[in-house]
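Remarks on the overall topology
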Amino acid sequence: MSTANNNKISMYKWIIRLLPFTVVSFLLIYIFLPPIAFSASFGRSHVVHWTDNRGPKFWPAFPMPPMGCTNCHYDDTPHHGNPYQFADTKNFSETTVCDNCHSKNGAFDGVAMAKANWDSGIYTGTNYEDLQTGKEQWCTTCHDDVGSVINGITAKNVAGNNIAYGYFIGGHGKFDVFCTDCHDTTLVHLDNYAQSYDAEADENGSRGFQKGYRLKLIDSQLPMDIPRTASYAASQFALCYSCHNETKTIYSNFNNFVELSSQTNYHAEDDMGGGNSAHLLWQNEFWDSDIDGNYQDSRFSCPTCHDPHGKDYDDRATFSMTRKDMGIVHKREVLRVSGYMESGDWLTSGGDLFCFGCHNYGPTYEYYYQLGTPPPEVPAFWTKLDSGNDVITPTYGAGGTLPGGSFTSYALFGEIKTGLNVVNDNEGGEFPASNIIKNNDTIEFWYIPNFDFSGNTITRYLFDLYYDTNNWIRIGVTNDRMDFRIRNAGTTYTLTTTSLTWQAGTPHHIVCTYGPAQAMHMYLDRVEPSYSTSTGLTYLGGINNLPQYFYIGIQYNGTLPANGIIDDFKIYGYQYQKFESALFLFSKMGSANQYQKFESALFLFSKMGSA
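Residues numbered from 1 in each chain as written. Predicted model: local features only at pLDDT ≥ 70, side-chain atom pairs only at ≥ 80, totals over all residues. Heavy atoms only, no water.

What follows deals with the overall build of the protein. The secondary structure content of the protein amounts to 13 helices and 24 strands. Looking at the 611 residues of the protein, the share that counts as buried comes to 50%. The contacts of the protein with a sequence gap of at least 6 include a subset with a gap of at least 24, amounting to 56%. (Helix = DSSP H or I, 4+ residues; strand = E, 2+ residues; numbered from the N terminus. Buried < 20%, exposed > 50% of the residue type's maximum accessible area, 1.4 Å probe, protein only. Contact = heavy atoms within 4.5 Å.)

Written out as structure tokens, the structure is:
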């Protein structure tokens, strides 16, 4: 027998004289056998609960007799196999004592998983260091939308509700990357710290980034060199680059979204020597890597902006795994999910995160819009056009008058809506032009024509802002095409679509935007159409003079009515940047139920494969 085991017997011989035979047997098994053998007679999961770092350590005071049993049972005597010794007097299948630590109310039922694997165990290996194959979702039973609470610490939500957001919806799990592909299950898991990683601690110690987040070593080296203090080197991002392509990640244009299998394209190219605009190359910018309020503990790294788990953002999946806690607000635009930065710090050069060093006017601007831009769901002007009161007192902006027209119902994605039906001369709505910005703006509404576009030869006015013969902005129907025109100082700039096949009674969503950021653009049912004339695509302005009023559904002089329903009319007071908008733009959003129905119905808009 080894010297170590002799010492153990000497240390505990007084215990043997005092304890019952069953307890002595229990102790001897524990002393001389490895944990995996010790657990055979007591259920493999007992050891995990008593002493293992993956459990709550109910028996931390070894060599004292087995303690902590009363966390689940009503006494501390051996009773494995007796189904009625749980503290709530219920049997194993019905007891609720597991519920306190193993959450059963989230997306993943931790109680059901734990009970099903009580004897066989979740982990394997001599010290239970390996998560068994086929049980990779075990981690999510604690880390979901209703996190488990162990020793007073709530597990972080990374798996989400598994419907709208979370690891398998918006994170790496969506691409079949399991928790154990990045995390090392042999490391201490429960350490009584709500935030294990501490930037001030030893980088190689138990609270360094690697052990704090239980990450695997990459070729015996740290997976991520955080906090970053040195100049950029690929080795500082070894874990990320074990899957991602460094060259494409660093050097590709931000909106070059290609190669989904390798996920390699999230940062803008810039001067690689100075590193003023490519995130990972900045040498003088810092962030709060351990979320302790000190914003100067690390230079930027991948997790500055990206959460690989696709964490919760208001019960939605994040966009490109971007982080809620970095002030990134996520919106759903016409063609994709996008966002903007909500904190003033993100705009300041030398501030916490100078996002607009990359995300500024130009090709990268497609995905984020300028700080200070009003959120799209709060337009400058919005009349729902449900009734005459919506004309006199709109939801936003200055009210107007109703020369004529009727409020008529129509069907939109299974919901009954109401809009202003304009079919005769001298009808429509009249509103103060003070609701309009003359140099840049965005106009959005629904239109339900009462005629087929094919074969149409009559001009219809849907919006008219007329100052004089040389200055106006108009949106309408010309023959079988949608027409958006701006005439400024005697020169006309046009966007006229190719022929459309819209039919009577079908709702269509229309957005027209103009201004210096991206010139004139039109979006019909979420997509930009083909244009037969496109001088407007290069015109970076509006009109020099505003009239007193603008008109909805009719020309300024009371002629050429829309011959259809205009509904949910909005003006935003700024130009969309590549039409970064939200679902709120597509519906009156009368209720959460309406929102859900509408979101699911977006698939009907076009041939696109997804919303």
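Quick look at the environment of N545 now. Residue placement: N545 occurs in the loop between β22 (531-533) and β23 (549-552). Linking N545 and N488, residues 57 residues apart in sequence, is a C-alpha distance of 8.6 Å.

Let us now look at the pairing of strand β16 (residues 460-468). Summarising burial for β16: seven of the nine residues are buried, a large majority. Pairing of β16 with strand β17 (residues 471-478), which is carried by seven bridges, proceeds in the antiparallel orientation. Paired with Y466 across the bridge in β17 is W472. Hairpin connection from β16 to β17: two residues lie between these consecutive antiparallel strands. (Pairing = 2+ DSSP bridges.)

Before going further, it helps to spend a moment on the state of the cysteines. Tallying each qualifying case throughout the model produces zero disulfides. The thiol of C302 is unpaired, and the distance to the nearest cysteine sulfur, on C240, comes to 3.7 Å. (Disulfide = S-S within 2.5 Å.)

Now for the pattern of salt bridges. A full pass over the atoms with the stated rule returns six salt bridges. Across the pair D191 and R214 runs a salt bridge whose closest N-O atoms are separated by 3.3 Å. Separated by 23 residues along the polypeptide, D191 in the loop between α7 (179-182) and α8 (209-212) and R214 in the loop between α8 and α9 (238-241) bring together distant segments of the chain. Among the ionic pairs, E444 bridges to K570, the shortest N-O distance being 3.7 Å. Taken together, the residues E444 in strand β15 (residues 441-449) and K570 in strand β24 (residues 564-571) connect sequence positions 126 residues apart. (Salt bridge = Lys/Arg side-chain N within 4 Å of Asp/Glu carboxyl O.)

In this section: the sheet that holds strand β18 (residues 481-488). Backbone hydrogen bonds are what pair the strands of a sheet, in a parallel or an antiparallel way. Read from one edge to the other, the open sheet built from eight strands follows the order β11-β14-β23-β16-β17-β18-β19-β22, with strand pairing classed as antiparallel. Edge positions in the sheet fall to β11 (401-404) and β22, since each has one partner strand and no second. Averaged over all pairs of adjacent strands, the angle between strand axes in this sheet comes to 20°, irrespective of strand direction. Pairing geometry for β11 and strand β14 (residues 428-432), over two bridges, is antiparallel. Residue pairing across strands places T401 opposite E430, the latter belonging to β14. (Axes fitted to C-alpha atoms, helices over the stretch in contact; angles between N-to-C directions.)

Of all hydrophobic cores here, the largest spans 42 residues; its most connected members are Y447, M482, F484, F550 and F569. Beyond its immediate chain neighbours, meaning those up to four positions away, F569 contacts F381, W382, T383, L385, I443, E444, F445, F463, F550 and I552. Ranked by size, the runner-up nonpolar core spans eleven residues in total, among them F209, L215, L239 and C302. (Core = buried A, V, L, I, M, F, W, Y, C linked by side-chain atoms within 4.5 Å.)

With that out of the way, let us pick up unusual backbone geometry. Residue P227 is reached from I226 by a cis peptide bond, and omega for that bond is 5°. You can see P227 is positioned in the loop between α8 and α9. Here N162, not a glycine, exhibits a phi torsion of approximately 60°, which is positive. Residue placement: N162 occurs in the loop between β4 (153-154) and α6 (167-170). A relative accessible area of 30% places N162 in the partly exposed class. One non-glycine residue, N479, lies in the positive phi region at around 60°. Mapped onto the secondary structure, N479 falls in the loop between β17 and β18. Overall, N479 belongs to the partly exposed group, its relative accessible area being 36%.

The class of R214 is buried, set by a relative accessible area of 12%. In this structure R214 touches C182, H183, D184, L187, V188, H189, L190, D191 and S196, once residues within four positions along its chain are discounted.

A complete count under the given rule lists 23 aromatic pairs for this structure. An angle of 5° between the planes, with centres 5.4 Å apart, marks the rings of F451 and F453 as stacked. One exposure class covers both F451 and F453, and it is buried. Taking the centre distance of 5.6 Å and the plane angle of 40° together, the rings of F463 and F550 count as tilted. Remark: F550 occurs in strand β23 and F463 occurs in strand β16; sequence separation between them is 87 residues. Like F463, the residue F550 is buried in the burial classification. Chaining the aromatic ring pairs together yields one cluster made of F381, F431, F445, F463, F550 and F569. Above the face of the F451 ring, R460 is positioned so that its terminal group lies 3.8 Å from the ring centre. Sitting over the ring of W382, K570 keeps its end group 4.6 Å from the ring centre. (Phe/Tyr/Trp six-rings, centres within 6.5 Å; stacked < 30°, edge-to-face > 60°. Lys NZ or Arg CZ within 6 Å of the ring centre and 35° of its normal.)

So, about the environment of S499. Among the secondary structure elements, S499 is positioned in the loop between β19 (491-497) and β20 (508-514). Sequence separation between S499 and F453 is 46 residues, and the spatial gap between their C-alpha atoms is 8.3 Å. Apart from residues lying up to four places away in sequence, S499 is in contact with D480 and R481. Side-chain polar atoms of S499 contact the side chain of D480, separated by 3.0 Å. (Polar contact = N/O pair within 3.5 Å; in protein donor to acceptor, adjacent residues only side chain to side chain.)

A few words now on the pairing of β18. The buried fraction of β18 amounts to six of the eight residues, a majority that puts the element mostly inside the structure. Hairpin connection from β17 to β18: two residues lie between these consecutive antiparallel strands, with N479 at a positive phi of about 60°. Strand direction decides the pairing type here: β18 and β19, joined by six bridges, are antiparallel. Counterpart to D483 in the pairing with β19 is T496.

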